[in-house]
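Here is how the chains run, residue by residue.
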Amino acid sequence: MKDDTEKLLQKCTLGAQMGVNGINAAQRYATDPGLLALLSEFKDRHRAVEEEIQLLLAARGKKSRRVNTVVKKMARAVTGMRIASRPDNGRIAQMMIGSCDAALERLAGLLSRYPSADDSAKECVKKLVLTEQEYRMQLQSCA
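Here is a short report on the structure shown in this document. (Residues numbered from 1 in each chain as written. Predicted model: local features only at pLDDT ≥ 70, side-chain atom pairs only at ≥ 80, totals over all residues. Heavy atoms only, no water.)

Some thoughts on helix 2 (residues 33-59)
Every α-helix carries 3.6 residues per turn, so stepping three or four residues along brings you back to the same face.
For step 1, the next point in the chain: If you check helix 2, its first and last C-alpha atoms are 39 Å apart, about what 27 residues at 1.5 Å a residue would give, namely 39 Å.
For step 2, the next point in the chain: Regarding helix 2, the residues found buried are Leu35, Leu38, Leu39, Phe42, Lys43, His46, Val49, Glu50, Ile53, Leu56 and Leu57.
For step 3, the next point in the chain: Buried residues belonging to helix 2 abut helix 1 (3-27), helix 4 (89-113) and helix 5 (119-139). (Helix = DSSP H or I, 4+ residues; strand = E, 2+ residues; numbered from the N terminus. Expected span 1.5 Å × (residues − 1). Buried < 20%, exposed > 50% of the residue type's maximum accessible area, 1.4 Å probe, protein only. Contact = heavy atoms within 4.5 Å.)

Structural data, given as structure tokens:
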């Protein structure tokens, strides 16, 4: 397996995991049924991409890395503090839009950082990009 392919898949799976973690943190505070449904749907979609990446890694004899527990807890705490300062559904949607923007920026950087990765790895990144773009667009109706 090309080194770029493995690195790209590992970074992408960590990104999908962080997306799920962020959504979990937001779900704790959301009260609007529409926003909750949207968060749930896109958590499932992030997990689906993560599972696809894990299958690609497994086919190459590799395991996906997991997000560091400390990083997860810190991200959850930061999200909680931001929401606690103004705990309304519009604020939660705005925070998630900001997370989407940051994720899209990182994902674009990954594609250029690992140009020799194989097409299956690049397709996973593109799926995650499309997921983030659609998530962002739908969140705007809740903001």
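Regarding the pattern of salt bridges
For step 1, the next point in the chain: Scanning all chains against the criterion turns up eight salt bridges.
For step 2, the next point in the chain: Two residues, Lys7 and Asp3, come together in a salt bridge whose shortest N-O distance is 2.9 Å. Linking Lys7 with Asp3, this pair stays in helix 1, spanning four residues, or about one helical turn.
For step 3, the next point in the chain: You can call Lys7 partly exposed: its relative accessible area is 38%.
For step 4, the next point in the chain: Notably, a salt bridge pairs Arg136 with Asp101, separated by 2.4 Å at the nearest N-O pair. (Salt bridge = Lys/Arg side-chain N within 4 Å of Asp/Glu carboxyl O.)

A short note on the packing of aromatic side chains
What characterises a pair of aromatic rings is the spacing of the ring centres plus the angle enclosed by the ring planes.
For step 1, the next point in the chain: On inspection of all chains with the given rule, the structure shows one aromatic pair.
For step 2, the next point in the chain: On the basis of an interplanar angle of 25° and a centroid distance of 4.9 Å, the ring pair of Phe42 and Tyr135 is categorised as stacked. One end of the pair, Phe42, is in helix 2; the other, Tyr135, is in helix 5, with 93 residues separating them in the sequence. (Phe/Tyr/Trp six-rings, centres within 6.5 Å; stacked < 30°, edge-to-face > 60°.)

Digging into the environment of Gly19
For step 1, the next point in the chain: Relative to the helices and strands, Gly19 is located in helix 1.
For step 2, the next point in the chain: Looking at Gly19, the relative accessible area reads 18%, which means it is buried.

Comments concerning the packing of helix 3 (residues 69-85) against helix 4
For step 1, the next point in the chain: As a packed pair, helix 3 and helix 4 sit with axes 9 Å apart at the nearest point and diverge in direction by 140°. Between helix 3 and helix 4, the angle is such that the two are oblique. Crossing handedness for the pair helix 3 and helix 4: right-handed. Note on element contacts: helix 4 touches helix 3 through Arg91, Ile92 and Met95, opposite Thr79, Arg82 and Ile83.
For step 2, the next point in the chain: For the contact of helix 3 with helix 4, the residue count by class is three nonpolar, one polar and two charged. (Axes fitted to C-alpha atoms, helices over the stretch in contact; angles between N-to-C directions. Parallel < 35°, antiparallel > 145°, perpendicular 65-115°, else oblique. Left-handed = near helix turned anticlockwise from the far one by under 90°. Nonpolar A, V, L, I, M, F, W, Y, C, P; charged D, E, K, R; others polar.)

Such coordinate-based values are descriptive only and should not be taken to indicate function.
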